[in-house]
Amino acid sequence: MLAAIVATSAAALLAAPTAGILGHRALKRSRNASLMQIDSPHGIDEQGFVRIGGIDQWISVRGEDLTNPVVLELHGGPGASSAIFGPRTRSWEKHFTIVRWDMRGTLKTLGRGGADGQGEMTFERIYADAVEVTDHIRTRLGADKLVLLGHSYGSTFGLRLAREFPERYSAYVGTDQNIHDSGRDNSVHQALLARLRAAKKRKELAAVEALDVDKHRWSARERAMHAKLLATSDPLTLDTMKKVVMGSLWLSPLHSLRELGHFVKGMSFSEQVTAGTSTFDDWADGTEFEIPFFFFQGEKDVLTSPDLARRFFDDVQAPVKEFALIEDCSHFAAFRRPQRFLGLLLAYVQPVVVAGESAAVAAI
């Protein structure tokens with residue numbers, strides 16, 4: 001959804017970088033590589049390709065203690081790998097085993113097979129991949145259940161997986177949570193129009209006003225244009241995109257300069273997936289969940305409304321549930337303030353997951 005702004009920022013980074021810039025990048029990447037080293041006796045640091053859904057897909061498993069709860073992340077975009085945030089979220093791996101997966105059409109998975117080797121690019125196909133990845137990780141780590149963490153567009157998958165497969169997951173955590181209501185709520189759209197008018201962005205305003213009143217009729221490109229303007233019209237979101245997202249991509253020790261291009265291409269290539277979710281209705285799908293349920297949302301998110309997320313959350317029935325706002329954050333809140341996000345995981349998620357694991361062992 002943010003492919004256009006990412007592409008613009010990446011182009012600036014890749015446009016004939018000077019020796020000085022590349023030297024600075026090399027130094028920072030070296031420091032980040034050292035930061036990410038895991039040498040604890042019971043830790044794990046595995047990255048590689050696994051055959052999922054008939055193609056090779058990249059999966060990373062990292063943590064300092066294999067007895068910690070396992071978290072499966074579903075990245076956003078679609079096509080926006082969360083593996084680039086490894087150095088920013090290094091502290092998470094002291095308390096959780098973090099599994100990151102480049103979905104089909106995304107970064108290393110896209111680089112491995114190319115655009116022609118990604119197979120069917122639909123929501124349903126990637127959803128089936130997610131189930132397969134879940135079972136692969138459960139078998140690989142000997143974990144009965146995983147904590148499911150959905151970021152942004154990944155939370156669209158996350159809600160449905162948590163509802164359908166409570167036997168596979170110990171808790172659901174949504175952040176930058178996408179709530180679909182079949183287009184009934186237009187508060188995000190109206191707020192965008194207001195920002196464009198206030199900034200006197202006449203050309204952009206005209207483009208948004210020209211969109212069909214029925215969001216279901218928007219093309220993938222129109223949805224991407226809308227998302228780009230949501231981000232660029234908000235200073236906090238734009239700052240996060242440049243410093244947190246592009247900064248993390250530029251300095252990631254796991255990714256080469258060539259793979260920066262794969263990241264950008266993956267977001268554009270994966271836009272087609274959003275066509276399958278435009279008519280989704282999360283309320284109609286059901287608000288009853290059999291597992292602990294958490295939303296941790298940026299309080300100033302202009303892309304995925306915290307108010308809409310709160311309305312859905314209030315209707316959720318779950319054994320345990322908690323809603324928290326991450327202060328002074330828009331979209332990508334977990335990565336802009338990773339320590340605050342970790343604090344929420346430790347305060348609310350870890351206790352119920354560990355208690356559930358202990359109860360399961362006692363019942364055997």
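Scroll up to find the structure this text is about.
Residues numbered from 1 in each chain as written. Predicted model: local features only at pLDDT ≥ 70, side-chain atom pairs only at ≥ 80, totals over all residues. Heavy atoms only, no water.

Enquirer: Even after reading the chapter, I still don't get the environment of Ile38, so can you show me in this structure?
Expert: Among the structural elements, Ile38 can be located in the loop between α2 (19-35) and β1 (44-52). On the basis of relative accessible area, Ile38 is assigned to the buried category, the value being 17%. In contact with Ile38, not counting residues within four places along its chain, are Gly43, Ile44, Asp45, Arg62, Gly63, Glu64, Arg90 and Glu93. (Helix = DSSP H or I, 4+ residues; strand = E, 2+ residues; numbered from the N terminus. Buried < 20%, exposed > 50% of the residue type's maximum accessible area, 1.4 Å probe, protein only. Contact = heavy atoms within 4.5 Å.)

Enquirer: Explain the sheet that holds strand β7 (residues 293-298) here, please?
Expert: Hydrogen bonds along the backbone pair up the strands of a sheet, which may run parallel or antiparallel. Strand order in the open sheet formed by eight strands is β1-β2-β4-β3-β5-β6-β7-β8, with mixed pairing between adjacent strands. The open sheet terminates on both sides in strands that have one partner only, identified here as β1 and β8 (321-326). Neighbour-to-neighbour, the strand axes of the sheet open up by a mean angle of 20°, direction not taken into account. As defined by bridge partners, strand β3 (residues 70-74) adjoins strand β5 (residues 146-151) across four bridges and the pair is classed as parallel. Looking at β5, one finds that Val71 is bridged to Val147. Contacts from helix α4 (residues 123-141) reach β1, β2 (55-63), β3, β4 (97-101), β5 and β6 (169-175) within the one sheet, and its direction differs from that of β1 by about 135°. (Pairing = 2+ DSSP bridges. Axes fitted to C-alpha atoms, helices over the stretch in contact; angles between N-to-C directions.)

Enquirer: Got a minute to help me understand the layout of surface pockets in this structure?
Expert: Unfilled space is identified by rolling a water-sized probe across the atoms. Looking at the largest pocket, its volume works out to about 440 Å³. Every residue lining the largest pocket is counted, 24 residues in all, and those nearest its centre are Asp144, Lys145, Ser170, Gly356 and Glu357. At the level of elements, β6 and α14 (338-363) are the ones that each hand at least two residues to the lining of the largest pocket. Of all the elements, α14 adds the most residues to the lining of the largest pocket, at six residues. Class assignment for the residues of the lining of the largest pocket results in 15 nonpolar, five polar and four charged. Within this model, the second largest pocket holds a volume of roughly 170 Å³. Considering the residues around the second largest pocket, the lining is formed by Gly183, Asn186, His189, Gln190, Leu193, Val208, Glu209, Leu211, Asp212, Val213, Lys215 and Trp218. (1 Å grid on protein atoms, 1.4 Å probe; cavity = no way out; pocket = protein on both sides within 12 Å on 5 of 7 lines; lining within 4 Å. Points joined across faces, edges and corners; volume = space filled by probe spheres on them. Nonpolar A, V, L, I, M, F, W, Y, C, P; charged D, E, K, R; others polar.)

Enquirer: Just to check I follow, could you spell out the packing of α4 against helix α5 (residues 154-164) for this structure?
Expert: The packing of two helices is summarised by the inter-axis angle and the distance between the axes. Across the interface, α4 lies against α5 with an axial gap of 11 Å and an inter-helix angle of 55°. Judged on the interaxial angle alone, α5 and α4 are oblique. Crossing handedness for the pair α4 and α5: right-handed. Facing Phe123, Ile126, Tyr127, Ala130 and Val131 of α4, the residues of α5 in contact are Thr156, Phe157, Arg160, Leu161 and Glu164. When its residues are assigned to classes, the contact of α4 with α5 shows seven nonpolar, one polar and two charged. (Parallel < 35°, antiparallel > 145°, perpendicular 65-115°, else oblique. Left-handed = near helix turned anticlockwise from the far one by under 90°.)

Enquirer: Would you explain the pairing of β2 in this entry?
Expert: Across a regular strand the side chains alternate sides, sitting on one face of the sheet and then on the other. In terms of residue burial, β2 counts as a mostly covered element, since eight of its nine residues are buried. Bridging between β1 and β2 involves nine bridges; their strand directions are antiparallel. From the neighbouring strand, Gly48 faces β2, where its bridge partner is Ile59. Counted between consecutive antiparallel strands, the loop separating β1 from β2 contains two residues, among which Gly53 sits at a positive phi close to 60°.

Enquirer: Looking at this model, I keep getting lost on the packing of aromatic side chains. Mind explaining?
Expert: Each aromatic ring pair is described using two quantities: the centre-to-centre distance and the angle formed by the ring planes. Under the definition given, this model contains 18 aromatic pairs. Aromatic pair Phe313 and Phe323: ring centres 5.5 Å apart, planes at 55°, arrangement tilted. Residue Phe313 is found in helix α12 (residues 306-315), and its partner Phe323 is found in strand β8; the two are separated by ten residues along the sequence. Comparing Phe313 with Phe323 shows no difference in burial state: the two are buried. Among the aromatic side chains, those forming a connected cluster through ring pairs are Tyr172, Trp283, Phe289, Phe293, Phe295, Phe312, Phe313 and Phe323. Just above the ring of Phe313 sits the side chain of Lys321; from NZ or CZ to the centre is 4.7 Å. (Phe/Tyr/Trp six-rings, centres within 6.5 Å; stacked < 30°, edge-to-face > 60°. Lys NZ or Arg CZ within 6 Å of the ring centre and 35° of its normal.)

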